[in-house]
Amino acid sequence: MLRRQHAGAAVPNDPDTTLVTATAPIANATHGGRAKCLQRLVRLELPVPRTVALSFDAVHRIADGQMPDIGCIVSQFPEGALLCVRPSSEDPDWGGPGAILNIGMNEARLKELSRRLGGEAAEALFARFVQAYAVHVARLDPDLFDEVEGANVSEYLRAYEAELEEPFPLDAGEQLAGVLQSMARAWSGTSARLLRQAKGAPADAGLGLVVQEMALGLGKGECGSGVLQLVNGDTGLPQITGRYLSQSQGRDALRSDTESLYLTRDPRGPSLEELAPEAFEALKEHAALMRRRLREEMQVEFAIENGRLFILDGMRVARSSRAAVRIAVDLAEEGIISRQEALMRVPPRTLTELLHRQVDPQAKRDVIGRGIAASPGAATGRIVFSAPDAQASAARNEPCILVRRETSPEDIRGMHAAQAVLTERGGITSHAAVIGRGIGLPCVVGASNMRFNIAKKQLVAPDGRVFGEGDTVTIDGSRGQVLAGAPTLREAALDETFQKLMEWADAACDIGIRANADTPDDAQTARNFDAQGIGLCRTEHMFFEPGRLTVMREMIFAAGSEDRRAVLERLLPMQRADFTQLFEIMQGKPVCIRLFDPPLHEFLPADRAGQRDLAEALGLPLSDVVRRIEAMSEYNPMLGLRGVRLGVTVPEIYEMQARAIFEATIDASHAGEPVVPEIMIPLVSARREVELVRTAIDAVAVSVRNQRDRDFTYRLGVMVETPRAALRAGEIAQHSAFLSFGTNDLTQMAYGLSRDDAGRFMSDYVQQGVFPEDPFHTLDTEGVGELLKLGAERGKAAHPDIVLSICGEHGGNPESIAFCRSAGFDYVSCSPFRVPVARLAAAQLAIADHLAINMV
């Protein structure tokens, strides 16, 4: 007869071996989540079988060979009761050894159960235990019992004894001791430790064990076991789901696809609701009570003996990202948890799965290559090897995957046309990665385990399979995988619960969240995700449109200043239209425009065919074109003539851009709120650079005001990307309205690392502990962070009202946002599709700080 828990606590003589009662000293941090959950179920007076919990310390001692008083543990249960042992880790995601059922089976129990259950059922139960004990405790090969026919216990026992050369233990205490020691040592093993560390567990994470009286789920009348939950784990919508299997134990129902019964009435077959209506109603009531009182959607593990219901366990419902959002919002809407707690329950990075299509978790994956997961989402298409081919494919409405050794600004249109991008080279902040995240394009970079034969238009997998142009592949940018074929994809899911969660996040957030947006489409995406403005608009991408690229090249080849101005006059209306669109889309929200940054050689063709076309377009001899391109080449162009250095030495470019910004400001202000543009000077390292550019831009502003007879306001600031700019921020701030730290280039220069090449060795560096994380992926708060702090402190000291921000790719990382809040930054700016992640992360940080203050 099963007994319910009663008053009492520790098993005699052992405080770490505790009978689970309403008042027993059990905590998640000392006994694990399962033990604590069972105690909560006991407090709710649910029909939980009698249970003893062993603490982390007790299990640790067992692993070292110091056994508890097994007799005392066994004495807590009715004489002859069968027991099961389950793991109880601090976090259920960390796993643990599998449960062992039916401990205590021996010949005496076999006879008794044969009378109750029938000989065949009793023999099957005993055989099951012998097999589980042999494999998990004695560590025998599972194949040992393959030749045993049926559930012949005598044959099982004989096979065990022949293999181990000792009889099978028939004493319940000896069996229990063996199981406890086996599970304790399994948790301490190297493989188990590495596995749970990969899931985020500390190396010394503890394991508790719970010993529970068995509810057999076998016998006359309606008997069985199953699981039930009140919500769909995929959608988060209310729905009774689960499985039930008659004449079964533990989680057998989950392992049987054909014999399991429906839970609710169903025309397709029998259901638990029909077979045991009273138990089913009680089960639903218990599940609803657990949801209300435990303040969580729970999966209930249960057993039924002759119509009588027992609750064996409760665990948090496994859920998709979509369901996690809906569950948190619904619990808050019903008043079960607060809005703040709902926000804290959704990990920010899970939102990424809602914003992009993903490979269906149930789909088969034929992985043919791996690289860096540079931009999340998944897409399927036919392979193309050039940007023009991608554009042609898009024109035919054929989805394609753009495959390149690495991308450059010339590939922008091809990237927009493709469904995803795969590159052989590059890191987390390479060109393909940054653009991919900006436009929501799935991207895998640094796939160096594959061979890219661009000339032959072939992609060779590590296993030797060859994929050519036109073959279908899938890019999973969330996992960094390349898949053969077209697995099922799951669509993005942004519904009303997502919007509601974001509204709550904005109410809690105490730092601004802007978006990096280079095009009107980017700006619209940022607007759709409620970004508080544009923190970085990279204007150079606007020049790569086909009609503009030729004009840009003419400007580069112009003979002098006046000729350059004449050519740039043709670009002026195009730039003005770009900026007007951005201002109108953002509807009065701040827009920070970075002036032209890249070296001019990026706009020139590198191959002979392109150079020949350029010579023809400009009407120049090919030799003159080649000579000019060679003269403009630099040994290290990323540290050469670019950014503010171009603004100082070729001022006509910045003057044209400033005019376009100011004229667009006036045009856009006609239709709506007054626009106050922010103009950012890139790659500054000296105060004098700012003075020179500011003087030129102020002069353009005066000219536009006079010509248009309209006044306007603008703010001029600096993009801090060089260590010297951070160190000299005090004097630079005196001439700036804001300082925006570009952490991509600042990290490159602080480390002396090329972000495009670091991917080749970064994994080795992280694995060997040189860097804790890839500094281009996670902000280095110690090194680069010190430059940020120094720059912020010195900038504020010289100019107390200066606005501080970061606009590198780190801006969307929760860890970076935490650093920026502590350092006194006003806002962060990130790719448009990372804005919701940043908004939620910022809200969680503010809530955590508020809770910490209240606790003090």
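Quick summary incoming for the structure in this document. What you see as residue numbers is a count from 1 along each chain, following the sequence as written. Totals for whole chains, interfaces and linings use all residues, but because this is a predicted model, local features are given only for residues with pLDDT of at least 70 and pairs of side-chain atoms are given and counted only at 80 or more. Computation of side-chain values: all heavy atoms of the structure, hydrogens and water removed.

## Focus: the packing of helix H13 (residues 321-333) against helix H19 (residues 496-508)
Next, step 1: With their axes 9 Å apart at the nearest point, H13 and H19 run at an angle of 65° to one another. Our classification of the angle between H13 and H19 gives roughly perpendicular. For the pair H13 and H19, the crossing hand works out as left-handed. Of H19, the residues touching H13 (which contributes Val325, Arg326, Val329, Ala332 and Glu333) are Glu496, Thr497, Phe498, Lys500, Leu501 and Trp504. Lines fitted to the C-alpha atoms define the axes, with helices restricted to the stretch that makes contact. Angles between their N-to-C directions range from 0 to 180 degrees. The helix and strand labels rest on DSSP assignments: H or I over at least four residues marks a helix, E over at least two residues marks a strand, and numbering proceeds from the N terminus. Should an angle fall under 35 degrees it is taken as roughly parallel, and over 145 as roughly antiparallel, whereas 65 to 115 is taken as roughly perpendicular and any remaining angle as oblique. Handedness of a crossing follows from how the near helix is turned relative to the far one, being left-handed for an anticlockwise turn of less than a right angle and right-handed for a clockwise one. Here a residue-residue contact requires only that any non-hydrogen atoms of the pair lie within 4.5 Å.

## Quick word on H19
An α-helical turn contains 3.6 residues, so any two residues separated by three or four positions project in the same direction.
Next, step 1: To estimate how far a helix should extend, the number of its residues minus one is multiplied by 1.5 Å. If you check H19, its first and last C-alpha atoms are 19 Å apart, about what 13 residues at 1.5 Å a residue would give, namely 18 Å.
Next, step 2: Taken residue by residue, H19 has Thr497, Phe498, Leu501, Met502, Trp504 and Ala505 as its buried positions. Each buried residue of H19 sits inside an arc of 160° when the element is viewed along its axis, so together they form one side. Seen from the open side of H19, the exposed residues pointing more than 90 degrees away from its buried face are Glu496, Glu503 and Ala507. Each residue's exposure class comes from its accessible area (1.4 Å probe, protein chains only) as a fraction of the maximum for that residue type: buried when under 20%, exposed when over 50%, partly exposed otherwise. The arc under discussion is defined with respect to the helix axis, by the directions toward the C-beta atoms.

## A few points about empty space enclosed by the protein
Next, step 1: Buriedness of a pocket was judged along seven lines, with at least five required to meet protein on both sides within 12 Å; pockets are open sets of points on a 1 Å grid over the protein atoms alone, cavities are sets where a 1.4 Å probe fits but cannot get out, and lining residues have an atom within 4 Å of a point. Grid points are joined across faces, edges and corners, and a volume is the space filled by probe spheres set on the points. Enumeration over the complete set of coordinates arrives at one cavity of 30 Å³ or more.
Next, step 2: Lining of the largest cavity is provided by Cys84, Arg86, Leu101, Gln212, Glu213, Met214, Ala215, Gly250 and Leu312.
Next, step 3: Here the lining of the largest cavity is built from residues that sort into five nonpolar, two polar and two charged. The classification used treats Ala, Val, Leu, Ile, Met, Phe, Trp, Tyr, Cys and Pro as nonpolar, Asp, Glu, Lys and Arg as charged, and all other residues, Gly among them, as polar.

## What to know about the sheet that holds strand S26 (residues 591-594)
Next, step 1: In this description, strands pair whenever DSSP reports at least two bridges between them. A barrel is described by the order of its strands in space; here eight strands give the closed sequence S24-S25-S26-S27-S28-S29-S30-S31, paired in parallel fashion. With direction set aside, neighbouring strand axes in the sheet form an average angle of 25°.
Next, step 2: Here strand S24 (residues 512-516) runs beside strand S31 (residues 827-830); their pairing, made up of four bridges, is parallel. Bridge assignment links Arg514 to a residue of S31, and that residue is Ser829.
Next, step 3: Across the sheet, helix H32 (residues 784-798) is in contact with strand S29 (738-741) and strand S30 (803-806); its angle to S29 comes to roughly 180°.

## Thoughts on the pairing of S30
Next, step 1: With four bridges joining them, S29 and S30 adopt parallel strand pairing. Along S30, the bridge assignment pairs Phe741 with Ile806.
Next, step 2: Across two bridges, S30 lies against S31 in parallel orientation. For Ser805, the partnering residue across the bridge sits in S31 and is Tyr827.
Next, step 3: The path from the first strand over the helix to the second decides the hand: if it runs clockwise while the strands point away from the viewer, the crossover is right-handed. Note on the crossover from S30 through helix H33 (residues 814-822) to S31: the handedness is right-handed.

## Remarks on the environment of Gln247
Next, step 1: Along the polypeptide, Gln247 turns up in the loop between strand S8 (238-246) and helix H10 (252-255).
Next, step 2: Owing to a relative accessible area of 38%, Gln247 belongs among the partly exposed residues under this scheme.
Next, step 3: C-alpha separation for the pair Gln247 and Gly217, spaced 30 residues apart in sequence, amounts to 5.7 Å.
Next, step 4: If near-sequence neighbours (up to four positions away) are discounted, Gln247 is found in contact with Gly217, Leu218, Gly219, Gly221, Cys223 and Gly224.
Next, step 5: Here a polar contact means two N or O atoms within 3.5 Å. Within protein one must be a hydrogen donor candidate and the other an acceptor candidate, and residues neighboring in sequence count only if both atoms are side-chain atoms. Polar side-chain contacts of Gln247 include one of 2.8 Å to the backbone oxygen of Gly219.

## A look at a negative patch on the surface
Next, step 1: Judged by side-chain charge, Asp141, Asp143, Asp146, Glu147, Glu161, Glu163, Glu165, Glu166, Asp171 and Glu174 come together as a negatively charged surface patch.
Next, step 2: Take Glu147: it is sitting in the loop between helix H6 (119-136) and helix H7 (153-164). Nonpolar side chains (Val, Leu, Ile, Met, Phe, Trp, Tyr) are joined into patches within 5 Å and like charges within 9 Å, using only residues with over 30% relative accessible area and no salt bridge. Reported accessibility uses the Shrake-Rupley method at a 1.4 Å probe radius. Residues are deemed covered only where the shown protein chains occlude them. For salt bridges, the criterion is a side-chain nitrogen of Lys or Arg within 4 Å of an Asp or Glu carboxyl oxygen. Charged residues are defined here as Lys and Arg on the positive side and Asp and Glu on the negative side; His and the ends of the chain fall outside this count. The atoms used to mark charge sites are NZ of Lys, CZ of Arg, CG of Asp and CD of Glu.

## So, the packing of aromatic side chains
Next, step 1: Side-chain rings of Phe, Tyr and Trp (the six-membered ring for Trp) are treated as a pair once their centres are within 6.5 Å; stacked means planes under 30 degrees apart, edge-to-face means over 60, and tilted covers the remaining angles. Enumeration over the complete set of coordinates arrives at 17 aromatic pairs.
Next, step 2: Residues Tyr751 and Phe771 carry aromatic rings whose centres are separated by 5.1 Å and whose planes lie at 80° to one another, so their mutual orientation is edge-to-face. With Tyr751 in helix H30 (residues 743-751) and Phe771 in the loop between helix H31 (762-767) and H32, this pair connects stretches of sequence that are 20 residues apart.
Next, step 3: Under the relative-accessibility criterion, Tyr751 is labelled partly exposed at 27%.
Next, step 4: Residue Phe771 is classed as buried on the basis of its relative accessible area, which comes to 14%.
Next, step 5: Put simply, the rings of Phe129, Tyr133, Tyr160 and Phe168 pair up and form one aromatic cluster.
Next, step 6: The ring of Trp187 carries the charged tip of Arg196 above its face, separated from the ring centre by 3.9 Å.
Next, step 7: Sitting above the plane of the Phe712 ring, Arg705 keeps its charged end 4.6 Å from the centroid. In this scheme, Lys NZ or Arg CZ marks a charge over a ring once it lies within 6 Å of the ring centre and within 35 degrees of the ring normal.

## Some details on the side chain of Thr747
Next, step 1: Note that Thr747 resides in helix H30.
Next, step 2: What makes Thr747 buried here is its relative accessible area of 0%.
Next, step 3: A polar side-chain atom of Thr747 sits 2.6 Å from the main-chain carbonyl oxygen of Thr743.

## Points about the sheet that holds strand S22 (residues 481-484)
Next, step 1: Across the sheet, eight strands lie side by side as S12-S22-S21-S14-S15-S16-S17-S13; this open sheet has mixed pairing. In the strand order of this sheet, the two ends are held by strand S12 (367-370) and strand S13 (372-375), each with one partner. This sheet shows a mean twist of 30° between the axes of neighbouring strands, independent of strand direction.
Next, step 2: Where strand S16 (residues 420-423) meets strand S17 (residues 443-445), two bridges bridge the pair, whose relative direction is parallel. Looking across to S17, one finds that Val421 is bridged to Cys443.
Next, step 3: Relative to the sheet, helix H16 (residues 387-395) contacts strand S14 (378-384) and strand S15 (400-404), its axis offset from that of S15 by approximately 180°.

As far as function goes, none of this settles anything; it's purely spatial.
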